[in-house]
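# Working through the structure, step by step
Each chain is listed here by its residues.
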Amino acid sequence: MFHIYCPWCQEHREEEEFHAKGPAHLARPKDPEACSDEEWGDYLFFRDNPRGVHHELWVHAVGCRKFFNITRNTVTYEILETYKIGEQPGKSVQAEVVTLPVRQEAREAANENVKVQVGGAS
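Just so we're clear, the structure is a prediction, and the values are computed from it rather than from any experiment. (Residues numbered from 1 in each chain as written. Predicted model: local features only at pLDDT ≥ 70, side-chain atom pairs only at ≥ 80, totals over all residues. Heavy atoms only, no water.)

### Section: the packing of aromatic side chains
- Taken as a whole and assessed by the stated rule, the structure comprises 2 aromatic pairs.
- Taking 5.8 Å as the distance between ring centres and 85° as the angle between the ring planes, the aromatic pair formed by phenylalanine 18 and phenylalanine 68 counts as edge-to-face. In this pair, phenylalanine 18 is assigned in the loop between strand S2 (11-14) and strand S3 (19-23) and phenylalanine 68 in strand S5 (residues 67-73), connecting sequence segments 50 residues apart. Of the two residues, phenylalanine 18 and phenylalanine 68, neither departs from the other in class, the shared state being buried.
- Here tryptophan 40 and tyrosine 43 contribute two aromatic rings whose centre-to-centre distance is 5.3 Å and whose plane-to-plane angle is 35°, an arrangement assigned as tilted. In this pair, tryptophan 40 and tyrosine 43 are both assigned in helix H1 (residues 37-45), 3 residues apart and thus about one turn of the helix distant.
- When its relative accessible area of 25% is taken as the criterion, tryptophan 40 is described as partly exposed. (Phe/Tyr/Trp six-rings, centres within 6.5 Å; stacked < 30°, edge-to-face > 60°. Helix = DSSP H or I, 4+ residues; strand = E, 2+ residues; numbered from the N terminus. Buried < 20%, exposed > 50% of the residue type's maximum accessible area, 1.4 Å probe, protein only.)

The structure is reproduced here in C-alpha cells:
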C-alpha cells in the first residue's frame, strides 16, 4: 500500500481512498460536431498507455471528492508530485516517457498483416 498526498485536503491518505480516472491534460476537440464517429470514438475511448513518467487525473473519492492530477512513474509506482486541476505540473515528463504506437499507426500495421479469405468452407 502506498499513500497519496491530496492537494485539496493537504494530507497523505491511503491509496484506497483514491481512484485513477485516466490521463491528465487531454485536449477536447475544438469542434465536436465536425468530428467523424471514428475521431470522436478515439477521443472518448482510446488512450496511450505509456511506460514511464506521465500525468494522470485522480479523484479523492472517499475524502473531499475533488479531482487533482498526479505525476507518476508507471514502472516504479513512484508519485513525483500532486497538483490541483488548473495548475501546471512542476515535473516534466518529456525525457522519461516511452510512448506506444498511436492507434492509427497500429491499425495500419494490422491491416498490412491481414489475410482475407473469400468463399465458404470446402
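Following the structure, the description resumes.
### Thoughts on unusual backbone geometry
- Backbone geometry at glutamine 10 places phi at a positive 60°, although glycine is not the residue there.
- Topologically, glutamine 10 is positioned in the loop between strand S1 (3-6) and S2.
- On the basis of relative accessible area, glutamine 10 is assigned to the exposed category, the value being 57%.
- The backbone phi angle of arginine 65 is positive, close to 65°, even though this residue is not glycine.
- Relative to the assigned elements, arginine 65 resides in the loop between strand S4 (53-59) and S5.

### Re the pattern of salt bridges
- According to the stated counting rule, one finds 3 salt bridges in the structure shown.
- Among the ionic pairs, arginine 13 bridges to glutamate 11, the shortest N-O distance being 2.8 Å.
- For arginine 13, a relative accessible area of 30% puts it in the partly exposed group.
- You can call glutamate 11 partly exposed: its relative accessible area is 33%.
- In this structure, a network of salt bridges that share partners links the residues Glu11, Arg13 and Glu17. (Salt bridge = Lys/Arg side-chain N within 4 Å of Asp/Glu carboxyl O.)

### Some remarks on the sheet that holds S3
- Here 4 strands make up an open sheet; going across it, the order is S3-S4-S5-S6 and the pairing antiparallel. For this open sheet the edge positions go to S3 and strand S6 (79-84), each flanked by a neighbour on one side alone. Each strand of the sheet is rotated relative to its neighbour by a mean of 30°, with strand direction disregarded.
- Here S3 pairs with S4 via 4 bridges, running antiparallel. Bridging from a neighbouring strand, proline 23 pairs with glutamate 56 of S4. (Pairing = 2+ DSSP bridges. Axes fitted to C-alpha atoms, helices over the stretch in contact; angles between N-to-C directions.)

### Overview of the pairing of S6
- Strand direction decides the pairing type here: S5 and S6, joined by 5 bridges, are antiparallel. Note that in S6 the partner of phenylalanine 68 across the bridge is lysine 84.
- Adjacent in sequence and paired antiparallel, S5 and S6 are bridged by 5 residues, among which tyrosine 77 carries a positive phi angle near 65°.

Remember that the coordinates give geometry; whether it matters functionally is a separate question.
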